[in-house]
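# A closer look at the structure
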Amino acid sequence: MEELTAKEIEEFTKNFDSRTIKNKTNLLTAGKVAKEVYFIKSGCIRLFYEKDGEDISAYFFTEKMFAGAYDSFISQKPSKHSIETIEDCEVLAINYNDFQQTLKSNPQLNELVRKILEERFVALHDLFTSQILDSPEERYIKLQKERPDLINRIPQHQIATYLGITPVSLSRIRNRIVKK
């Protein structure tokens, strides 16, 4: 992909609002339409589902990542998941209308957005495949290898639901790994 010029970067970011968001702030509730997406300058945002009164972590967005309920944002239909900050965050936020206008006024940015979405698709496909093919211990080892920053940043019960296991199982896996 061709590098963006300073003018293109300025054009893309001029419609973003810079915000500081406190830890444990709900950015989107399931059943509501996503009105914004966020670029994370610092902090961590969690995407999760709720089932039978318990929340299940699906993804963690950290620095230099775009975060949001993209399916709801693009379709402007209610989201099936919720999004919250799990650390204090510094973000750039853009609403749907400004996002669409920015892409119309600068077609070069369509390529950037496509690349970002392709990378996210591959990451989510790998996560989906891992849930089917890998054991919980293999998923945890993969998380340690691919996103080691999450291990100490995310509460253990959220990591457990992300891996599809209970906190007790996660504790046992961690103990086995330490003993190896």
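Described in the following lines is the structure provided in the data block. Note that the coordinates shown come from a computational prediction; the quantities given were computed from them, not determined experimentally.

### Description of the overall build of the protein
Counting its secondary structure elements, the protein contains eight helices and eight strands. Here the C-alpha radius of gyration of the protein, 18 Å, is about what a compact globule of 180 residues would show, namely 16 Å. Along the longest, intermediate and shortest principal axes, the C-alpha atoms of the protein span 55 × 35 × 30 Å. Within the span of the protein, comprising 180 residues, buried residues form 39% of the whole. The contacts of the protein with a sequence gap of at least 6 include a subset with a gap of at least 24, amounting to 71%.

### Here's the deal with the pattern of salt bridges
If you walk through the whole model with that rule in mind, you get 10 salt bridges. When the shortest N-O distance is used, the salt bridge between aspartate 55 and arginine 46 registers 2.5 Å. Judged by its relative accessible area of 30%, aspartate 55 falls in the partly exposed class. What makes arginine 46 buried here is its relative accessible area of 2%. A salt bridge links arginine 153 to glutamate 87, with the shortest nitrogen-to-oxygen separation between them at 2.7 Å.

### Considering the pairing of strand β4 (residues 45–51)
Taken together, the seven bridges between β4 and strand β5 (residues 54–61) define a ladder with antiparallel strand orientation. When the sheet's bridge partners are listed, arginine 46 is paired in β5 with phenylalanine 60. Linking β4 to β5, which pair antiparallel, is a turn of two residues; within it aspartate 52 sits at a positive phi near 50 degrees. Pairing between β4 and strand β7 (residues 82–85): four bridges, direction antiparallel.

### Quick word on the nonpolar core
Counting residues in hydrophobic clusters, the biggest one holds 45 residues, and the most contacted among them are Ile45, Phe61 and Leu163. Considering each element in turn, this core owes the most residues, five residues, to strand β8 (residues 89–95). Setting aside anything within four residues of it in sequence, one finds phenylalanine 61 in contact with Ile40, Gly43, Cys44, Ile45, Leu47, Phe66, Ala67, Gly68 and Arg120.

### Description of the sheet that holds β7
Strand order in the open sheet formed by four strands is β2-β7-β4-β5, and the pairing between neighbours is antiparallel. Of all the strands in the sheet, just β2 (26–28) and β5 have a single pairing partner and so form its edges. Direction aside, the axes of adjacent strands within the sheet are offset by 35 degrees on average. Two strands pair when backbone bridges link them, and β2 and β7 are joined in this way by two bridges, in the antiparallel orientation. Residue pairing across strands places asparagine 26 opposite glutamate 84, the latter belonging to β7. Sheet strands touched by helix α7 (residues 156–163): β4, β5 and β7. Its angle to β5, the strand with the most contacts, is close to 90 degrees.

### A closer look at the pairing of strand β3 (residues 36–42)
Pairing of β3 with β8 involves six bridges; the strand directions are antiparallel. Residue pairing for β8: valine 37 is matched across the bridge by isoleucine 94. Two elements, β3 and strand β6 (residues 66–67), share two bridges in a ladder whose sense is antiparallel. Opposite phenylalanine 39, over in β6, you have phenylalanine 66 as the bridge partner.

Calculation notes
Note that residues are indexed from 1 along each chain, following the sequence as it is written. With pLDDT at 70 or above as the cut-off, local features in this predicted model cover only qualifying residues; side-chain atom pairs require 80 or more to be listed or tallied, and sums for whole chains, interfaces and linings still use all residues. Think of the side-chain values as coming from all heavy atoms in the structure, minus any hydrogens and water. Helix numbering and strand numbering both begin at the N terminus, where a helix is a DSSP run of H or I of at least 4 residues and a strand a DSSP run of E of at least 2. Computation of the radius of gyration draws on C-alpha atoms alone. For the globule rule, the value is 2.2 Å times the number of residues to the power 0.38. We call a residue buried when its accessible area falls under 20% of the maximum for its residue type, exposed when it is over 50%, and partly exposed in between, using a 1.4 Å probe and counting protein chains only. Residue contacts follow a heavy-atom distance rule, with two residues in contact if any of their heavy atoms lie within 4.5 Å. Note on definitions: salt bridges are taken to be side-chain nitrogens of Lys or Arg within 4 Å of carboxyl oxygens of Asp or Glu. Here the rule is simple: two strands pair whenever DSSP picks up at least two bridges between them. In these notes, a set of buried Ala, Val, Leu, Ile, Met, Phe, Trp, Tyr and Cys residues joined through side-chain atoms within 4.5 Å is what counts as a nonpolar core. Axis definition: a line fitted to C-alpha atoms, limited for helices to the stretch in contact. Angles are taken between N-to-C directions and run from 0 to 180 degrees.

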